[in-house]
Amino acid sequence: MILPVLTYPYPILAQCADPVEQITPELRALAQDILETMYSKEGLGLAAPQVGVSKRLIVVDVSGPDKREDARILINPVIVSACGLIESNEGCLSVLNYRTKVQRSKQIRVQALGLDGAALEFDAEGMLAICLQHEIDHLNGLLFIDHVSRLKRSLYEQKLKKWIKSKPEKQA
Ligand SMILES: [Zn+2]
């Protein structure tokens, strides 16, 4: 099922999400819905808070948006180490009409649980590392626009205000 994606400044996007305590059939169904939603919007990643569920669950697939070969569903993901710096040009399904450069760690090591409850630990670099950092940020109530300068941020806020005024019915 394709779910509506909430957009900034929807309050749940700024909240720290709760850890997943138990992997229930409902959680598995939610994960599939989030994956399906991400594919339908041609995204590379999506986090549960973006569909209104404040739980620590993310999905990523950097083989896309046209391919769908590397889906990863991660529960309670944590970055346990990071090194190097890389600049990425980011956008977000929850931040309308905006892309900007963000500094990220170049390589990261991630621990998480899989949907089957098995502990996972892996290294990521390049686009996968960037995407994982972006999605894990969502679990901590952070958006990529929280990483940019105050000036860039206020320019975006101004644009957004005008945009909301011109299309009020589009806001979820
Ligand atoms: Zn995002």
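Look above for the structure.
Here goes a summary of the coordinates provided. The model shown is predicted, which means the values in this text are computed figures rather than measured ones.

## As for helix α3 (residues 150-166)
Across its 17 residues, α3 extends 24 Å between first and last C-alpha, which sits within 8% of the 24 Å expected from 1.5 Å per residue. Buried within α3 are the following residues: R153, Y156 and L160. An end-on view of α3 places all buried positions within 60 degrees of arc, on one side of the element. Structural note: α3 exposes L151, K159, K161, K162, K165 and S166 on the side pointing more than 90 degrees away from its buried face. Against the buried residues of α3 lie β4 (95-113).

## Points about the side chain of D137
With respect to the element layout, D137 can be found in helix α2 (residues 126-139). Given the relative accessible area of 12%, D137 is considered buried. Apart from residues no more than four positions distant in its own chain, D137 is found in contact with R104, L142 and H147.

## Some words on the environment of I23
Looking at the secondary structure, you find I23 in the segment before α1 (25-40). The class for I23 is partly exposed, based on a relative accessible area of 24%. With 90 residues separating them in the primary sequence, I23 and L113 have C-alpha atoms 9.6 Å apart. If we ignore the near neighbours within four places in the chain, the residues touching I23 are R28, I75, G114, L115 and G117.

## Re the packing of aromatic side chains
Here the structure, examined in full by the defined rule, presents three aromatic pairs. Measuring from centroid to centroid gives 4.6 Å for Y98 and Y156, while their planes differ by 35 degrees, and the two rings are tilted. Placement of Y98 in strand β4 and of Y156 in helix α3 is noted, with a sequence separation of 58 residues between them. For Y156, a relative accessible area of 2% puts it in the buried group. Taken together, the ring pairs in this structure connect Y8, Y98, F144 and Y156 into an aromatic cluster. Taking NZ or CZ as reference, R72 lies 5.2 Å from the ring centre of F122, over its face.

Cut-offs used in this document
Residues numbered from 1 in each chain as written. Predicted model: local features only at pLDDT ≥ 70, side-chain atom pairs only at ≥ 80, totals over all residues. Heavy atoms only, no water. Helix = DSSP H or I, 4+ residues; strand = E, 2+ residues; numbered from the N terminus. Expected span 1.5 Å × (residues − 1). Buried < 20%, exposed > 50% of the residue type's maximum accessible area, 1.4 Å probe, protein only. Arc of directions from axis to C-beta. Contact = heavy atoms within 4.5 Å. Phe/Tyr/Trp six-rings, centres within 6.5 Å; stacked < 30°, edge-to-face > 60°. Lys NZ or Arg CZ within 6 Å of the ring centre and 35° of its normal.

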